[in-house]
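Observations on chain architecture
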Amino acid sequence: WPSGDKRLMVDKQVYRNLQSVTASDLDTVKRNFEWVRDQLDHLIPKNDNMVVILMGSPSDEEHCNKIKKHCVSFGLNVDIRVASAHKSTKETLKIVKYYESLPLQVVFIAVAGRSNGLGPVLSGNCTSPVINCPPVNTDNVHLDIWSSLNVPSGLGCSTVMYPEAAALNAAQILALNNYMIWSKLRVKLFNNSTTIVRADQKMHAA
């Protein structure tokens, strides 16, 4: 109903209301459905998101690919780059400026172990969200994680430990302006909930 006016209805009720069906009536129904089709084109949100995963070393590629896999499942566009805040600072900032110059909603995910300067440097030099997801393991987690958590004042980068969590965090940020991503997140939440309920039912039955 354009502008909420029932007299202007263009849905299938127009056909239902016909007392007889003439060629002219069918042309009207056809035009109505063509109008609906054209409106749907405007409802599809712009594909204007980008998650940029920056790894401090090529050795972190496997970790980054896991993040990318989860990002893609939420319909996110992903670029993976190699950039070191310590070894190639100028080039790293060039990469940041390039993505911020694009007409996109950008989220950076910093993947750097040991002394993570990458996430804090990104956060201190751009206004886009920055998520730290260091490739820690059981041997170094108690040491390396602190370089991602204990950042200087004035920086707003967050830190997660797992690839899926990094992708979820990025999706939640981008879903604020994209209902398609929001919908995928809602499905994820529903699946999480039903999995627990079904497991409980199975356990209780046993």
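Each remark here, short or long, concerns the structure printed above.
Notes on the structure in this doc start here. Everything numeric here is computed off the predicted structure, so don't read it as measured data.

Turning our attention to a nonpolar patch on the surface. A cluster of nonpolar side chains, L40, L43, Y179, M180 and W182, forms an exposed patch at the surface whose accessible area comes to about 530 Å². Elements with a contribution of two residues or more to the nonpolar patch: α2 (23-43) and α8 (179-205). No other element matches α8, which puts 3 residues into the nonpolar patch. Mapped onto the elements of the fold, Y179 is located in helix α8.

Now for the packing of aromatic side chains. Throughout the structure, instances matching the rule amount to 2 aromatic pairs. Geometrically, the ring pair formed by Y98 and Y99 is edge-to-face, given 4.9 Å between the ring centres and 75° between the ring planes. A residue is classified by how much of its surface remains accessible, and Y98, at 45% relative accessible area, is partly exposed. Among the residues examined, Y99 registers a relative accessible area of 3% and is labelled buried. Residues Y99 and F108 carry aromatic rings whose centres are separated by 6.5 Å and whose planes lie at 85° to one another, so their mutual orientation is edge-to-face. In terms of burial, Y99 and F108 fall into one category: buried. Feature note: the residues Y98, Y99 and F108 constitute an aromatic cluster, connected by ring pairs.

This next bit is on the pattern of salt bridges. Under the counting rule described, the total for this entry stands at 4 salt bridges. Across the pair D38 and R37 runs a salt bridge whose closest N-O atoms are separated by 3.1 Å.

Here 5 bridges tie strand β1 (residues 49-55) to strand β2 (residues 78-82), and the two strands are oriented parallel to one another. Bridging across to β2, M55 finds its partner in V82. As a crossover connection, the stretch from β1 through helix α3 (residues 61-73) into β2 is right-handed.

Along the chain, N132 turns up in strand β4 (residues 130-132). Within the structure, N132 has its side chain in polar contact with the side chain of N116 (distance 3.2 Å). The residues contacting N132, other than those within four sequence positions of it, are A110, N116, G119, P120, S148, C157, S158, T159 and V160.

Rules used throughout
Within every chain, residues take consecutive numbers counted from 1 along the sequence as written. Where local features are concerned, this predicted model is filtered to residues with pLDDT of at least 70; where side-chain atom pairs are given and counted, the filter is 80 or more; whole-chain, interface and lining totals use all residues. Computation of side-chain values covers all heavy atoms of the structure but excludes hydrogens and water. Patch building starts from residues that exceed 30% relative accessible area and form no salt bridge, then joins like charges within 9 Å and nonpolar side chains (Val, Leu, Ile, Met, Phe, Trp, Tyr) within 5 Å. Residue burial considers only the protein chains on display, and all accessible areas are found by Shrake-Rupley using a 1.4 Å probe. Within this document, salt bridges are pairs made up of a side-chain nitrogen of Lys or Arg and a carboxyl oxygen of Asp or Glu, the two lying within 4 Å of each other. Secondary structure follows DSSP: runs of H or I at least 4 residues long count as helices, runs of E at least 2 residues long count as strands, and numbering of each begins at the N terminus. Planes of paired rings set the category: under 30 degrees apart is stacked, over 60 is edge-to-face and the rest tilted, where pairs are Phe, Tyr or Trp rings (Trp by its six-membered ring) whose centres lie within 6.5 Å. For each residue, the accessible area found with a 1.4 Å probe, counting protein chains only, is set against the maximum for its type, and the residue is called buried under 20%, exposed over 50%, and partly exposed in between. When DSSP finds two or more bridges between a pair of strands, those strands are recorded as paired. Here a crossover is taken to be right-handed if, once the strands point away from the viewer, the path from the first strand over the helix to the second is traced clockwise. In the analysis that follows, any N or O atom pair within 3.5 Å is treated as a polar contact, provided that within protein one partner can donate a hydrogen and the other can accept it, and provided that, for residues neighboring in sequence, both atoms belong to side chains. Only heavy atoms enter the contact rule, under which two residues are in contact if any of them lie within 4.5 Å.

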